[in-house]
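Chain by chain, the residues:
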Amino acid sequence: MGVEVRTGQRVLDVILDGVTVGTEFIRTGYVVWGAGVTATPAHRSLGLDAAPGGLIPVDRFLRVAGHENVFATGDTADFTGTDGKRPPGLAQVAEQRGVLLGCLLKQQASLAEFVFGSRGNTGVIGRNAAIFDFGKWTLKGRAAWLLWAFVHVFLLINFEKRVLVSVQWLRR
Ligand SMILES: Cc1cc2nc3c(=O)[nH]c(=O)nc-3n(C[C@H](O)[C@H](O)[C@H](O)COP(=O)(O)OP(=O)(O)OC[C@H]3O[C@@H](n4cnc5c(N)ncnc54)[C@H](O)[C@@H]3O)c2cc1C
């Protein structure tokens, strides 16, 4: 789509007519800044030193470092699995952590290690342009966009919202 992706380079300056990336100045009229989401400062109330990004360090059970009965979940947890991987800051990760801790709090389950079960990732660029990444296989284009729309509607909270969003999309 004519997009050039550059990684491993820091943006050093943003001015009215461009940005400086490393030693290069890129002239542009538009800059869209898509970085910089930080966690809420919950670590402060626990008197903890935050991990990078303001995250709360947790063990593999999502227990806050140094606390037996305090857990951090969702985006705010600085978690590394036993496989050495850090799950992405996505809703499905937060949801799975919530379910795990919910069962523990309701005493329906004992303390268990958090293991992220990826349901795949999807990104949508616009109408008829999306990508699904299921790890072993990917889907692109119109088929991916239709699947994305279906999944999006399916995951909405109730029937009313599903109908509302479907009608809004069909009217566009
Ligand atoms: C712009 C954007 C787009 C995203 N798009 C996607 C996407 O397309 N797909 C996807 O899977 N994920 C997406 N994400 C990530 C997703 O939103 C998060 O991973 C997910 O919401 C994390 O859930 P959470 O419960 O940890 O945090 P949140 O959903 O942020 O919930 C935390 C809640 O805690 C409340 N809170 C904070 N501090 C306090 C306090 N001191 N006391 C009481 N309450 C407090 C907040 O108000 C908030 O309601 C997106 C995130 C952003 C920022």
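It should be emphasised that the depicted structure is a prediction, and the values quoted were computed from it without experimental measurement.

### Considering the pattern of salt bridges
- This model, assessed by the stated rule, comprises 8 salt bridges.
- The partner of R119 in a salt bridge is E95, with the nearest N and O atoms 3.4 Å apart. One end of the pair, R119, is in the loop between α2 (91-105) and β6 (121-126); the other, E95, is in helix α2, with 24 residues separating them in the sequence.
- Residue class for E95 comes out partly exposed when judged on its relative accessible area of 46%.
- Because the salt bridges share partners, they merge into one network encompassing E4, R6 and E24.

### Focus on the domain arrangement of the protein chain
- Domain annotation of the protein chain identifies domain 1 (1-35), domain 2 (42-105) and domain 3 (121-171).
- Measuring from the centre of the C-alpha atoms in domain 1 to the corresponding centre in domain 2 gives 33 Å.

### A closer look at the nonpolar core
- Core analysis: the biggest nonpolar cluster contains 12 residues, these being L48, I56, V58, L62, V64, A72, A77, F79, V93, L101, L104 and F114.
- In terms of residues, this core owes the most to one element, α2, which gives 3 residues.
- Beyond its immediate chain neighbours, meaning those up to four positions away, V58 contacts R63, V64, A65, A72, A77, D78 and F79.
- Among the nonpolar cores identified, the runner-up in size contains 6 residues, and A144, W145, W148 and A149 belong to it.

### A look at the packing of aromatic side chains
- Inspection of the entire model under this criterion finds 5 aromatic pairs.
- Ring centres 5.2 Å apart and planes at 20° place the aromatic pair F132 and F134 in the stacked group.
- Taking relative accessible area as the criterion, F132 reaches 5% and is therefore assigned buried.
- Aromatic pair F150 and F154: ring centres 6.2 Å apart, planes at 15°, arrangement stacked. Of this pair, F150 and F154 both sit in helix α3 (residues 141-154), 4 residues apart, which is roughly one turn of the helix.
- Taking relative accessible area as the criterion, F150 reaches 58% and is therefore assigned exposed.
- Judged by relative accessible area, which is 53%, F154 ranks as exposed.
- Put simply, the rings of F132, F134 and W137 touch in pairs and so form one group of aromatic residues.
- Its end group placed over the ring of F154, R162 keeps NZ or CZ at 5.9 Å from the ring centre.

Conventions we followed
Residues numbered from 1 in each chain as written. Predicted model: local features only at pLDDT ≥ 70, side-chain atom pairs only at ≥ 80, totals over all residues. Heavy atoms only, no water. Salt bridge = Lys/Arg side-chain N within 4 Å of Asp/Glu carboxyl O. Helix = DSSP H or I, 4+ residues; strand = E, 2+ residues; numbered from the N terminus. Buried < 20%, exposed > 50% of the residue type's maximum accessible area, 1.4 Å probe, protein only. Domains from an automatic or database assignment. Core = buried A, V, L, I, M, F, W, Y, C linked by side-chain atoms within 4.5 Å. Contact = heavy atoms within 4.5 Å. Phe/Tyr/Trp six-rings, centres within 6.5 Å; stacked < 30°, edge-to-face > 60°. Lys NZ or Arg CZ within 6 Å of the ring centre and 35° of its normal.

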